[in-house]
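Spelled out, the chains give:
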Amino acid sequence: MRLITRSFDNIPPEDQGYTVYAISTTKPQRYRDVTILWLFVPTYDAQIEYNKTKDSNKLNERMITILKHRASAIEDWVKSNSNAKICLVCWENLASCHRKLVADAIREAGEKAGVSVIVDIG
């Protein structure tokens, strides 16, 4: 699997062959056709708390727990996308986004499943 993460402002051109998924609860109107990949989206409670506090450290702590609970489903997803080129997009800049945590969870699932996962976090 070839995995890249980007903000909505930096989605790769279509000719690069990536399937693009949002990992946010909402998306810009111009990307209304992008599918939300709910497996990697923060829970409603975690998102509401973040929207109120803008505390990215707290969100990251919660996301680590959320992703651990979803580990089996993530491993299944990695297996079913083992040969895919995927771009996961979100709103936040990299410093305050959960993209790195999601990429780490996907990389770990790939190791468990015996699937090579090449990651470019941006």
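Above: the structure in question.
This section reports on the structure supplied with the text. (Residues numbered from 1 in each chain as written. Predicted model: local features only at pLDDT ≥ 70, side-chain atom pairs only at ≥ 80, totals over all residues. Heavy atoms only, no water.)

### Some remarks on the nonpolar core
Inference 1: Formed by 28 residues in total, the largest nonpolar core has its most connected members in F40, I74, W77, V78, L88 and I106.
Inference 2: By residue number, the principal contributor to this core is helix α4 (residues 99–113), which donates six residues.
Inference 3: For L88, the contacting residues outside a window of four places in its chain are L3, I4, T5, R6, Y21, I23, L37, R99, V102 and I106.
Inference 4: By size, the runner-up hydrophobic cluster in this structure holds ten residues, among which are F8, A22, V34 and C87. (Core = buried A, V, L, I, M, F, W, Y, C linked by side-chain atoms within 4.5 Å. Buried < 20%, exposed > 50% of the residue type's maximum accessible area, 1.4 Å probe, protein only. Helix = DSSP H or I, 4+ residues; strand = E, 2+ residues; numbered from the N terminus. Contact = heavy atoms within 4.5 Å.)

### With respect to the packing of helix α3 (residues 71–80) against α4
Inference 1: With their axes 9 Å apart at the nearest point, α3 and α4 run at an angle of 75 degrees to one another. One way to sum up the angle between α3 and α4 is to call them roughly perpendicular. Residues I74, E75, W77, V78 and K79 of α3 lie in contact with α4, whose contacting residues are A105, I106, A109, G110, K112 and A113.
Inference 2: Residues belonging to the contact of α3 with α4 are distributed by class as follows: seven nonpolar, one polar and three charged. (Axes fitted to C-alpha atoms, helices over the stretch in contact; angles between N-to-C directions. Parallel < 35°, antiparallel > 145°, perpendicular 65-115°, else oblique. Nonpolar A, V, L, I, M, F, W, Y, C, P; charged D, E, K, R; others polar.)

### A closer look at the environment of A71
Inference 1: By secondary structure assignment, the location of A71 is in helix α3.
Inference 2: The class of A71 is partly exposed, set by a relative accessible area of 33%.
Inference 3: Residues A71 and Y21 lie 50 residues apart in sequence; the distance between their C-alpha atoms is 19 Å.

### Overview of the packing of aromatic side chains
Inference 1: Tallying each qualifying case throughout the model produces three aromatic pairs.
Inference 2: Taken together, a centroid distance of 5.9 Å and an interplanar angle of 25 degrees make the contact between F8 and Y31 stacked. With F8 in the loop between β1 (2–7) and β2 (19–22) and Y31 in the loop between β2 and β3 (35–36), this residue pair connects regions lying 23 residues apart in the sequence.
Inference 3: Owing to a relative accessible area of 21%, Y31 belongs among the partly exposed residues under this scheme.
Inference 4: For the pair F40 and W77, a centre-to-centre distance of 5.2 Å together with 80 degrees between the ring planes defines the contact as edge-to-face. (Phe/Tyr/Trp six-rings, centres within 6.5 Å; stacked < 30°, edge-to-face > 60°.)

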